[in-house]
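Observations on chain architecture
Spelled out from the first residue to the last, the chains are:
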Amino acid sequence: MQVVVDLSVDELIKTISNMNLQDVEKIKKSLIERELYFKPFIKDDIEDIISDFEKEGYSDDFLKDLEEGLKKSSVYEN
C-alpha cells in the first residue's frame, strides 16, 4: 500500500523537526542511498516531449498548447 501526502516544504520541515534523531537519521540515510540530494534536473528537448505526446495520439491543438507552455515555463527559460 502506498500513501501520498501533499506537503509544502515548510510543513515537511516542521514534521521532520518534530521527529526524534533516529528517525531523522533514517530519512537522511534513505535520501543518500537513493541519491535524491542535489541531483541536477535533466530536461528533455521540447521537440522530444512533443513527439512522445504526438505518438500517443494527442490532438494538434493540445500539442501546440503544450509546446507553447513548455517554452514559457521556468524550466525551459534560457
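Residues numbered from 1 in each chain as written. Predicted model: local features only at pLDDT ≥ 70, side-chain atom pairs only at ≥ 80, totals over all residues. Heavy atoms only, no water.

**Comments concerning the overall build of the protein**
The criterion, for reference: Helix and strand definitions follow DSSP, with helices as H or I runs of at least four residues and strands as E runs of at least two, each counted in order from the N terminus. Note on method: radius of gyration uses C-alpha positions; expected globular size equals 2.2 Å times residues raised to 0.38. Between buried and exposed lies partly exposed: a residue is buried under 20% and exposed over 50% of the maximum accessible area for its type, with that area taken using a 1.4 Å probe on protein chains only. Each accessible area is a Shrake-Rupley estimate made with a 1.4 Å probe; only the visible protein chains count as cover when residues are assessed. We treat Lys and Arg as the positive residues and Asp and Glu as the negative residues; His and chain ends play no part in the count. A single reference atom marks each charge: NZ on Lys, CZ on Arg, CG on Asp, CD on Glu.
Along its length, the protein carries 4 helices and 0 strands. Along the chain direction, N to C, the helices and strands of the protein fall in the order α-α-α-α. For a compact globule of 78 residues, the expected C-alpha radius of gyration is about 12 Å, and the protein comes in at 19 Å, more than 25% above that figure. Taking the principal axes of the C-alpha coordinates as reference, the protein spans close to 55 × 30 × 20 Å. The buried share of the protein, reckoned over its 78 residues, is 9%. As displayed, the protein offers around 7,400 Å² of accessible surface, 53% of which is attributable to carbon and sulfur atoms. In the protein, 11 positive and 20 negative side-chain charges are present, and the distance between their average locations comes to 8 Å.

**Description of the pattern of salt bridges**
The condition that has to hold: Note on definitions: salt bridges are taken to be side-chain nitrogens of Lys or Arg within 4 Å of carboxyl oxygens of Asp or Glu.
The tally for this structure, following the rule as stated, stands at 3 salt bridges. Where glutamate 33 meets lysine 29, a salt bridge forms, and the shortest distance between an N and an O atom there is 4.0 Å. Taken together, the residues glutamate 33 and lysine 29, both in helix α2 (residues 21-33) and 4 residues apart, mark about one turn of the helix. As far as the burial class goes, glutamate 33 and lysine 29 line up, both exposed.

**Structural notes on helix α3 (residues 46-55)**
In plain terms, the rule: By construction, the arc corresponds to the directions joining the helix axis to the C-beta atoms.
For α3, every residue scored as buried is listed here: Ile46, Ile49 and Ile50. For α3, the angular spread of the buried residues around the axis is 95°, confining them to a single face. Turned more than 90 degrees away from the buried face of α3 sit Glu47 and Lys55, all of them exposed. Directly beyond the C-terminal end of α3, a positive phi value near 90° is found at glycine 57.

**Structural notes on a nonpolar patch on the surface**
Short version of the rule: Patch building starts from residues that exceed 30% relative accessible area and form no salt bridge, then joins like charges within 9 Å and nonpolar side chains (Val, Leu, Ile, Met, Phe, Trp, Tyr) within 5 Å.
Residues Met1, Val3, Val5, Leu7 and Leu12 make up a contiguous nonpolar surface patch of roughly 590 Å² in combined accessible area. Mapped onto the fold, leucine 7 is located in the segment before α1 (9-17).

**Observations regarding the nonpolar core**
Which entries qualify depends on this criterion: We define a nonpolar core as any set of buried Ala, Val, Leu, Ile, Met, Phe, Trp, Tyr and Cys residues linked to one another through side-chain atoms lying within 4.5 Å. Two residues qualify as a contact provided that any one of their heavy atoms is within 4.5 Å of a heavy atom in the partner residue.
Judged by nonpolar contacts, Ile46, Ile49, Ile50, Leu63, Leu66, Leu70 and Tyr76 together constitute the single largest core of 7 residues. If you list the elements that add at least two residues to this core, you get α3 and α4 (60-72). When sequence neighbours within four positions are dropped, the list of residues in contact with leucine 66 reads Ile49, Ile50 and Phe53.

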